[in-house]
Amino acid sequence: MKVTIDSGSGFCGGVIRAIDTIEGLLAEGRTLYSLGEPVHNEEELARLSSLGLRVLDKAAFPDGVPAGAGLVIRAHGEPPETYRLAAGKGAGVVDCTCPVVLGLQGKIRRARGCLGGGRGRIVIFGKKGHPEVLGLVGNAGPEALVVETPDAVKAAVAEGKIKAGEPLEVFSQTTMDPEAYGETCRALFEAAGGPGLVTVHDTVCRQVASRRTELSSFASANDVIVFVSGHSSSNGKVLYELCRSVNPRTHWIGGPSELEAGWFPEGCSVGVCGATSTPRWLLEKVAAGIENLQ
């Protein structure tokens, strides 16, 4: 049995930056509270907790942050109101927002300024309630519309939320599928009365976009795929479904304890891959676990 780890899997740049920052400050003895999970991976969260990181539920913010503690803004980003509340509690903000997300937030704020006075609408293609999307909406304002599918665009038209002839500024959550974004934009062109009224911003993360092609090739090149990810990761769900569509013998696990010997026929090639929230050390641990099944 041959086991190969996908070279492109593991933390994306934004998550690497966040984890490195957290580890460095904890090593200095800082008291850190992360506003929500800094990474959607149970194994990595357990490791960070063992180093002293405290994860604060959104419902406990801002009262749950002691004055003087560091408040980690995770890579997903936060709306401006979060920063105001943190300042009011005397918490020191440790901003780990991904630079790509920060750039997107800035683009949305500028578009909001151009659309002042009811001259159009900002549309965000993303998952409702996702942390990144909540941050984007906070920068776009309450008039922003979040859609997840072309059908959601049709529903918005029926409800009068999108009107023909109304200029639209369209942005995507950074981790969405580029093809699905294109389909939704075409629905928006039709709803607005033509592409001339719709300004589409290319805001899908380049690293995320390229992962789909690379991961499809990796999944088809192996007999069995073991996909490693936290089950709360939306990026993990999307990439797992991609792998499974290419290779039906794809198994989703959170860690090596979930491996089953029956998945691996004698002499098969096994590919180990994961989400942008899956640490490299965990992929290596899973690969070793597979080899130990022999």
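How each quantity is defined
Residues numbered from 1 in each chain as written. Predicted model: local features only at pLDDT ≥ 70, side-chain atom pairs only at ≥ 80, totals over all residues. Heavy atoms only, no water. Pairing = 2+ DSSP bridges. Helix = DSSP H or I, 4+ residues; strand = E, 2+ residues; numbered from the N terminus. Axes fitted to C-alpha atoms, helices over the stretch in contact; angles between N-to-C directions. Buried < 20%, exposed > 50% of the residue type's maximum accessible area, 1.4 Å probe, protein only. Disulfide = S-S within 2.5 Å. Expected span 1.5 Å × (residues − 1). Arc of directions from axis to C-beta. Contact = heavy atoms within 4.5 Å. Salt bridge = Lys/Arg side-chain N within 4 Å of Asp/Glu carboxyl O.

(A) Looking closely at the sheet that holds strand β8 (residues 168-172). Read from one edge to the other, the open sheet built from four strands follows the order β7-β6-β8-β9, with strand pairing classed as parallel. Since the sheet does not close on itself, it has two edges, and those belong to β7 (145-147) and β9 (198-200), each with one partner. Neighbour-to-neighbour, the strand axes of the sheet open up by a mean angle of 25°, direction not taken into account. Summarising the sheet, β8 and β9 pair through three bridges and their orientation is parallel.

(B) Expanded view of the environment of V137. Relative to the assigned elements, V137 resides in helix α5 (residues 131-140). The class for V137 is partly exposed, based on a relative accessible area of 25%. Spatially, the C-alpha atom of V137 lies 9.9 Å from that of R109, the residues being 28 residues apart in sequence.

(C) Geometry of the state of the cysteines. Counted under the stated rule, the structure contains zero disulfides. Considering cysteine sulfurs only, C205 is the nearest to C185, which forms no disulfide, with 17 Å between them. For C185, a relative accessible area of 4% translates into the label buried.

(D) Local environment of helix α10 (residues 280-292). An ideal rise of 1.5 Å per residue puts 18 Å on 13 residues; α10 measures up with 19 Å between its terminal C-alpha atoms. Taken as a whole, α10 has its buried residues at L282, L283, V286, A287, G289 and I290. Along α10, the residues classed as buried sweep out an arc of 160° about the axis, all on the same side. Residues of α10 that are buried in the fold lie against β1 (2-5), α2 (42-50), β10 (224-228), β11 (250-253) and β12 (269-274).

(E) Representation of the pattern of salt bridges in the model. For the structure shown, the criterion picks out twelve salt bridges. With a closest N to O distance of 3.0 Å, R211 and D6 form a salt bridge. Of this pair, R211 sits in helix α8 (residues 206-220) while D6 is found in the loop between β1 and α1 (13-27), placing the two residues 205 residues apart along the sequence. With relative accessibility at 4%, the residue R211 sits in the buried group. We note a salt bridge from K161 to E159, for which the minimum N-O separation is 3.2 Å. Look at K161 and you get partly exposed, because its relative accessible area is 39%. Here E159 falls in the exposed class, since its relative accessible area comes to 53%. The network of salt bridges with shared partners includes D6, R211 and E214.

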